[in-house]
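# Commentary on secondary and tertiary structure
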Amino acid sequence: MATLHTVNKSPFGASALQSCLNHAKDGDAILMFEDGVYGAAQGTIIADAVAAKSGSLSLYVLKGDADARGIADARLIEGVTPVDYAGFVELAASHDRTNNWL
Amino acid sequence: MEDNIKKFLYVNRKAPYGTIYALEALEVVLIGAAFDQDVSLAFLDDGVFQLVKGQNTDGIGVKNFSPTFRALGDYEVTKFYVEKESLEERGLTADDLQEIMYEDEDDDYAEKPSIRLVNRAEMADMMAEQDVVLSF
Amino acid sequence: MSYDVNGTAVEHDEEGYITNLGDWTEDLAGIIASAEEITMNEEHWEVVNFLRSYYEEYQIAPAVRVLIKAIKKSMGPEIGNNKYMYELFPYGPAKQACKIAGLPKPTGCI
């Protein structure tokens, strides 16, 4: 009964990622895409909060969006898995519901 | 028919007038009410501002849609989950929200409050019980 | 497009709903009703007045099932039932009565 959460806003201008982290249940997945990918980068003010969830949640980033913004795989927070569009679709299909944090 | 009833949650996380999200959500709720599903509304983060009482939009030339929330009981939309932490972070309490009542047809039409205050963990649990989550 | 109310033009959209809710008068209601081939009687007025007060309070025109339920509650089952309401407003009580009441088309009306 797991949920796929998606976040498409930068964590520095919106509360979406923080709110998502606050409401996601163990076993859920979070996919960061569009400006949401900034939440997957190391060394930011929110990185520790994201990394702290990498054990209980599955964390993903849409690779095309991360690459476009100069966030190479090596700069991703440990435990964040890059996925392509097909991977995004698979995640949506394999979860019971999707909750989009706009 | 019972088997076809799904749990629909509309998630409101935006303040009412700065963007169109809140009004759009309300319109979708009104239209969706025709489909006889098990509907809940969630108000968290800036979404709690939608329910604040005393809104007056005369000065900004847009419609004040806050009274429409009070009509939702007629549409059998009677579950408004409001997150306590979101209220507190914004200096609000339940007393700052407008009163929203519905008539319980299964209880001799007794008037009951639609707003249910929940904490963050309860909100997360409620979200995880849904079949469909529509976010605004 | 406009209705002519004693020489004053009141704008309406292509379906006949008036553009500015503030333009509504009882005379206008009678004119819209004539265009809908309805002769206003006491029962029609009860429904129209009910719709106007519902809009005043909630800022929406109710969907038809909500309207009928609410009318049943406030005026009793003799008026608040499908058959009677469709006799009063043959092309749909919410649609036609809202138009006559000067309200926008009901949300969710298909």
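Refer to the preceding data block for the structure.
None of these values were measured; they are calculated from a predicted model. (Residues numbered from 1 in each chain as written. Chains lettered and ligands numbered in written order. Predicted model: local features only at pLDDT ≥ 70, side-chain atom pairs only at ≥ 80, totals over all residues. Heavy atoms only, no water.)

In terms of helices and strands, chain C carries 5 helices and 2 strands. Counting from the amino terminus, helix and strand elements in chain C follow one another as β-β-α-α-α-α-α. What you see for chain C is a C-alpha radius of gyration of 13 Å, in line with the 13 Å of a compact globule of 110 residues. Projected onto its principal axes, the C-alpha coordinates of chain C cover approximately 40 × 25 × 25 Å. The buried share of chain C, reckoned over its 110 residues, is 45%. (Helix = DSSP H or I, 4+ residues; strand = E, 2+ residues; numbered from the N terminus. Rg over C-alpha atoms; globule rule 2.2 N^0.38 Å. Buried < 20%, exposed > 50% of the residue type's maximum accessible area, 1.4 Å probe, protein only.)

All names here are of chain B. Following the criterion strictly, the structure yields 21 salt bridges over all chains and no others. A salt bridge links Asp38 to Lys7; the nearest nitrogen and oxygen atoms lie 3.5 Å apart. With Asp38 in strand E2 (residues 38-43) and Lys7 in strand E1 (residues 7-12), this pair connects stretches of sequence that are 31 residues apart. A salt bridge links Lys112 to Asp104; the shortest N-O distance between them is 2.8 Å. Classification of Lys112 as partly exposed rests on a relative accessible area of 24%. Connected via shared salt-bridge partners are Asp46, Glu83, Glu89, Arg90 and Arg120. (Salt bridge = Lys/Arg side-chain N within 4 Å of Asp/Glu carboxyl O.)

To continue, consider the packing of aromatic side chains. Taken as a whole and assessed by the stated rule, the structure comprises 8 aromatic pairs over all chains. Residues C:Phe50 and C:Tyr54 carry aromatic rings whose centres are separated by 6.1 Å and whose planes lie at 35° to one another, so their mutual orientation is tilted. Placement of both C:Phe50 and C:Tyr54 in helix H2 (residues 42-58) is noted, with a separation of 4 residues, approximately one turn of the helix. A single burial state applies to C:Phe50 and to C:Tyr54, both of which are buried. Grouped by ring-pair contacts, the aromatic residues B:Tyr17, B:Phe43, B:Phe65, B:Phe69 and B:Phe80 constitute a single cluster. The cationic tip of C:Arg52 hangs over the ring face of C:Trp24; the distance from NZ or CZ to the ring centre is 3.7 Å. (Phe/Tyr/Trp six-rings, centres within 6.5 Å; stacked < 30°, edge-to-face > 60°. Lys NZ or Arg CZ within 6 Å of the ring centre and 35° of its normal.)

Counting residues at the interface gives 15 residues for chain C, matched by 16 residues for chain B. Here chain C and chain B share an interface that buries about 1300 Å² over both sides, 50% of which is from carbon and sulfur atoms. Here chain C is connected to chain B by 4 salt bridges. Between B:Glu76 and C:Lys69 there is a salt bridge, with its nearest N and O atoms 2.7 Å apart. Those elements that provide at least two residues to the side of chain C that touches chain B are H2 and helix H3 (64-75) of chain C. Of the residues contributing to the side of chain C that touches chain B, the split by class is 8 nonpolar, 3 polar and 4 charged. (Contact = heavy atoms within 4.5 Å. Buried area = accessible area lost by both parts, 1.4 Å probe. Nonpolar A, V, L, I, M, F, W, Y, C, P; charged D, E, K, R; others polar.)

Bear in mind that shape data such as this cannot, by itself, settle questions of function.
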